[in-house]
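# Architecture at a glance
Chain by chain, the residues run as shown.
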Amino acid sequence: MASDVTAIERLEDRPIPVDPAAIEDEFTRIWRETAGGYDESSVRLRVMNLVGVGAGEDALGRFESLMEVLPQRHPCRGILALVRPGLSRVSATISAHSWRSASGGRNVCSEEVLIFGPPADDAAMPSLVLALLVPELSVICWRLGPEGDSAGVLEGILDAADVLLFDSAQDGDTAAAFRWALRLGGDHGTEPRDLAWGRLTTWRELIAQSFDDDDGPNRLREIASIEIEGGGGRPGSEALLLAGWIVSRLGLTPADVETGGRWLRATLYAQSRAVTLSVIVGEPNPPGLHSVRLRSGRSTLLVEHHAASGHMHVREESPTGEMRAVEQIADQEPPTIARMLDEGRDDVYLEALRDALALLG
């Protein structure tokens, strides 16, 4: 947060009739009263539309938490379409958010509309969302959890979305999640941005940096095996995306893939050179990635995450078993959604996604 502003405050929060025109009129009234002299160009500052789609109170809490911090980086209109079992009709609540500058003046920065509807009504909610989008601004859609009851609502919005934020780790069927992400561009013209991929940022940076020297290309060509270990009870999207990233960066082609409940093994080829890959996942706790080993004839690169200390360790092991610490860093937070929205299209993710899917058959 910038040093010259205070936290975002909520100006108003109340139910309103489910009517786009009435909602627009109410926001206009709020900004006029807030400014003390309405000037739309300076008060209604918005650079994007953020549309959340989900079901359940957890989705509501996550959306509200993001809207408490996002507008200072990306002033926006936030719209949440939340499916709630037990409702008989669609309802809406609006909120206005602002921050104050050091001089005490209020700077309006965001608008929020919460739309609640029953699972069976997956036509009215998308229509209302589309009618409330601010024209000529990008539309960022955020899938809050597995589709479930909100699948119809999401499908009705995707054609208008420029970017879809989602977390492939939340899907029970990883292969289906990867295929769905790859289809988004062709079916809807929507760019996928996977939060699971964002959590791999530090891992990818540490591995890449370990080969960022004059001899790096030679050492990369000498890699004979790749071993990825983690927790969670099954090979999940993070382990598979990291495997796909390594495969794509090394220019390898997956073949002879075998899978079990907690493991995946494959032989990878670069022309006549063969590289073995294993992904092994232990008990559910601690979840996530634990270690990555890249073995060659001259050394083994080991990248580990220690959950207890919250540190990442990079070590190099010689063929004789001698271990040398290369780097140790404090655990880094994965990129926030606000930071991910600053980034452009990531073709490396799409390449990793395709190779991860190839590993799954």
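Just above sits the structure.
Basis of the calculations
- Residues numbered from 1 in each chain as written.
- Predicted model: local features only at pLDDT ≥ 70, side-chain atom pairs only at ≥ 80, totals over all residues.
- Heavy atoms only, no water.
- Helix = DSSP H or I, 4+ residues; strand = E, 2+ residues; numbered from the N terminus.
- Buried < 20%, exposed > 50% of the residue type's maximum accessible area, 1.4 Å probe, protein only.
- Contact = heavy atoms within 4.5 Å.
- Areas by Shrake-Rupley, 256 points an atom, 1.4 Å probe, with all protein chains shown as cover.
- Pairing = 2+ DSSP bridges.
- Expected span 1.5 Å × (residues − 1).
- Polar contact = N/O pair within 3.5 Å; in protein donor to acceptor, adjacent residues only side chain to side chain.
- Phe/Tyr/Trp six-rings, centres within 6.5 Å; stacked < 30°, edge-to-face > 60°.
- Lys NZ or Arg CZ within 6 Å of the ring centre and 35° of its normal.

## A word on the overall build of the protein chain
The helix and strand inventory of the protein chain stands at 12 helices and 16 strands. The buried share among the 361 residues of the protein chain stands at 48%. The contacts in the protein chain between residues at least 6 apart in sequence include a share of 70% that link residues at least 24 apart. On the protein chain, roughly 16300 Å² of surface is accessible, and the fraction owed to carbon and sulfur atoms is 48%.

## Describing the pairing of strand 14 (residues 300–306)
Burial analysis of strand 14 places five of its seven residues in the buried class, which makes it a mostly covered element. Here strand 13 (residues 288–296) runs beside strand 14; their pairing, made up of five bridges, is antiparallel. Bridge pairing in strand 14 places Arg-293 opposite Leu-302. In sequence, strand 13 turns back onto strand 14 through a hairpin of three residues. Where strand 14 lies against strand 15 (residues 311–317), seven bridges are found, and the strand directions are antiparallel. For Glu-304, the partnering residue across the bridge sits in strand 15 and is His-313. Following strand 14, the chain reverses through four residues before pairing antiparallel with strand 15; Gly-310 in that reversal takes a positive phi of roughly 70°.

## Notes on helix 12 (residues 347–360)
A rise of 1.5 Å per residue sets the reference length of helix 12, with its 14 residues, at 20 Å; its end C-alpha atoms lie 20 Å apart and thus fit the reference within 8%. Every buried residue of helix 12 is listed here: Tyr-349, Leu-350, Ala-352, Leu-353, Asp-355, Ala-356, Leu-357 and Leu-359. The N-capping residue of helix 12, defined by a side-chain oxygen 3.1 Å from the backbone nitrogen of Val-348, is Asp-346.

## Regarding the packing of aromatic side chains
By the definition in use, this model includes two aromatic pairs. Judged by centre distance (5.4 Å) and plane angle (55°), the rings of Trp-197 and Tyr-349 are tilted. Remark: Tyr-349 occurs in helix 12 and Trp-197 occurs in helix 7 (residues 195–198); sequence separation between them is 152 residues. One residue, Arg-204, lies across the ring of Trp-197, its end atom 3.9 Å from the ring centre.

## Comments concerning unusual backbone geometry
Of note, the phi angle at Glu-136 is positive, near 65°, even though the residue is not glycine. Among the structural elements, Glu-136 can be located in the loop between helix 4 (124–132) and strand 6 (138–144). According to the relative accessible area criterion, Glu-136 is exposed, its value standing at 84%. Despite not being glycine, Gln-271 shows a phi value in the positive range, around 60°. Inspection of the secondary structure assignment puts Gln-271 in the loop between strand 11 (263–270) and strand 12 (273–281).

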